[in-house]
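Per-entry structural report
Residue-level listing of the chains:
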Amino acid sequence: KQEVTQIPAALSVPEGENLVLNCSFTDSAIYNLQWFRQDPGKGLTSLLLIQSSQREQTSGRLNASLDKSSGRSTLYIAASQPGDSATYLCAVDSNQFYFGTGTSLTVIP
Amino acid sequence: SAVISQKPSRDICQRGTSLTIQCQVDSQVTMMFWYRQQPGQSLTLIATANQGSEATYESGFVIDKFPISRPNLTFSTLTVSNMSPEDSSIYLCSVVGATEAFFGQGTRLTVV
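Here we summarise the structure given alongside this text. Here the structure is a predicted model, which means the values were calculated and not measured.

Turning next to the overall build of chain A. Within chain A one finds zero helices and eleven strands. Secondary structure elements in chain A, listed N-terminal to C-terminal, are β-β-β-β-β-β-β-β-β-β-β. By the compact-globule yardstick of 13 Å for 109 residues, chain A fits well, its C-alpha radius of gyration being 13 Å. A principal-axis box enclosing the C-alpha atoms of chain A has dimensions of 40 × 25 × 20 Å. The proportion of buried residues among the 109 residues of chain A is 44%. Look at the contacts in chain A between residues 6 or more apart in sequence, and 53% of them connect residues 24 or more apart. When the accessible surface of chain A is summed, it comes to about 5,100 Å², and 47% of that surface belongs to carbon and sulfur atoms. Between the averaged position of the 7 positive side-chain charges in chain A and that of its 9 negative side-chain charges there is a distance of 3 Å.

Here it is as C-alpha cells:
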C-alpha cells in the first residue's frame, strides 16, 4: 500500500521568505502527484499537478518538482505572503489517491 | 476542470441522528469519491460511487453506517448514520478529471 509522508508537519516563516515543503512516497508506480491547499475547515484547492512523466510544474510563485525514482516531491513557494498560510497536502495517484498528513504553514506579517 | 458544490458546509448534530451530505458536479462524471478527514489527520477514502451500481467501500467503512446514493452522473449523497462523537470530521466529495482530482468545499460535522 502506498504511504505518503510530509515534512515538516508545521512551518512558520516571516513574510517574504522562500520555503520548501517536502513529500515522500513509498511506491514509485504513480500516475501523477498533486499538491493541494486546504484552509481551516474547508475543502481542498488544487495547486499543481505533476504527471509521472514530468519533473516539475510551475504556477506563479509555486514550483513543484517530482523525482519518481526516489519517491520525492517538493513544493517551493517563493516570496511567501500571509495569504499563503494554510495546510498544504500532497497526494499521489496510484489507482487511488493517497494523501499525506500535510504541512501547516504560517506566514508571519 | 470540474466545479463541485457540496452542502451543508457545516453542521452540529446530536448523537444517534443521521446527516446527509450532497455533492453536485457541473459535468457528468463516472465515479465520485467520498473522503473523511478526522481532526489532525489526512484524508481517508470512504467509498467510490458509480452511477447505477452500489458503491464500493474501503476497509473499515460499511454501507449501513455510510449509505451512498448516486442517482445520476452529476450528483451523489453520503449519509452518516447513527452518529457518535467519533464521526466528527470533515467529509469531502471528489471527482477525477483526465488526471487531476477536484474536491468539494467539505462538510464540517460536529457530533455532540
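Helix and strand counts for chain B come out as zero helices and eleven strands. In chain B, the succession of α and β elements from N to C terminus is β-β-β-β-β-β-β-β-β-β-β. At 13 Å, chain B has a C-alpha radius of gyration in line with the 13 Å of a compact globule built from 112 residues. A principal-axis box enclosing the C-alpha atoms of chain B has dimensions of 40 × 25 × 20 Å. Here chain B holds 112 residues, and the buried ones make up 48% of them. Summarising the internal contacts of chain B: among those between residues at least 6 apart in sequence, 52% fall at separations of at least 24. With the model as given, the accessible surface of chain B reaches about 5,400 Å², and the carbon-plus-sulfur share is 48%. Of the side-chain charges in chain B, 7 are positive and 8 negative, and the distance between the mean point of each set is 8 Å.

To continue, consider the interface of chain B and chain A. Contact with chain B, which involves 17 residues of that partner, is made by 19 residues of chain A. Together chain B and chain A conceal approximately 1,400 Å² of surface at their shared face, both sides included; 55% is due to carbon and sulfur atoms. Counting the contacts that link chain B with chain A gives zero salt bridges. Scanning the region where chain B abuts chain A turns up five residue pairs in polar contact (both at pLDDT 80 or more). Listing elements by their share of the side of chain B that touches chain A, those giving two or more residues are strand S4 (31-37), strand S5 (43-50), strand S9 (89-96) and strand S10 (101-103) of chain B. Counting residues per element, the side of chain B that touches chain A draws most heavily on S9(B), which supplies three residues. Broken down by class, the residue content of the side of chain B that touches chain A amounts to eight nonpolar, six polar and three charged.

Simply put, the disulfide is a covalent bond whose two ends are the sulfur atoms of two cysteines. All names here are of chain B. Under the definition given, this model contains two disulfides over all chains. Cysteine 13 takes part in no disulfide bond, and the closest cysteine sulfur to it belongs to cysteine 23, at a distance of 16 Å. Owing to a relative accessible area of 7%, cysteine 13 belongs among the buried residues under this scheme.

Here the focus is the packing of aromatic side chains. What the rule picks out here adds up to seven aromatic pairs over all chains. With a centroid separation of 5.2 Å and an interplanar angle of 90°, the aromatic rings of A:Phe36 and B:Phe103 are classed as edge-to-face. Taken together, the residues span two chains, with A:Phe36 in strand S4 (residues 32-38) and B:Phe103 in strand S10. On the basis of an interplanar angle of 75° and a centroid distance of 5.8 Å, the ring pair of A:Phe99 and B:Phe103 is categorised as edge-to-face. Taken together, the positions of A:Phe99 in strand S10 (residues 97-99) and B:Phe103 in strand S10 put the pair across two chains. In this structure, A:Phe99 and B:Phe103 share a single accessibility class: buried. Three or more aromatic residues link up through ring pairs in this structure, and these residues are A:Phe36, A:Phe99, B:Tyr35 and B:Phe103.

We now examine the sheet that holds strand S6 (residues 56-59) of chain A. Residue and element names in this part refer to chain A. Taken in spatial order, the five strands of this open sheet run S1-S3-S8-S7-S6, and their pairing is antiparallel. Each edge of the sheet is formed by a strand with only one pairing partner; in this case those strands are strand S1 (4-7) and S6. Across the sheet, the axes of successive neighbouring strands diverge by a mean angle of 15°, strand direction being ignored. Bridging between strand S3 (residues 19-25) and strand S8 (residues 72-77) involves six bridges; their strand directions are antiparallel. Paired with asparagine 22 across the bridge in S8 is threonine 74.

What counts, and at which threshold
- Residues numbered from 1 in each chain as written.
- Chains lettered and ligands numbered in written order.
- Predicted model: local features only at pLDDT ≥ 70, side-chain atom pairs only at ≥ 80, totals over all residues.
- Heavy atoms only, no water.
- Helix = DSSP H or I, 4+ residues; strand = E, 2+ residues; numbered from the N terminus.
- Rg over C-alpha atoms; globule rule 2.2 N^0.38 Å.
- Buried < 20%, exposed > 50% of the residue type's maximum accessible area, 1.4 Å probe, protein only.
- Contact = heavy atoms within 4.5 Å.
- Areas by Shrake-Rupley, 256 points an atom, 1.4 Å probe, with all protein chains shown as cover.
- Lys, Arg positive; Asp, Glu negative; His and termini not counted.
- Charge placed at Lys NZ, Arg CZ, Asp CG, Glu CD.
- Buried area = accessible area lost by both parts, 1.4 Å probe.
- Salt bridge = Lys/Arg side-chain N within 4 Å of Asp/Glu carboxyl O.
- Polar contact = N/O pair within 3.5 Å; in protein donor to acceptor, adjacent residues only side chain to side chain.
- Nonpolar A, V, L, I, M, F, W, Y, C, P; charged D, E, K, R; others polar.
- Disulfide = S-S within 2.5 Å.
- Phe/Tyr/Trp six-rings, centres within 6.5 Å; stacked < 30°, edge-to-face > 60°.
- Pairing = 2+ DSSP bridges.
- Axes fitted to C-alpha atoms, helices over the stretch in contact; angles between N-to-C directions.

Geometry only, nothing functional implied.
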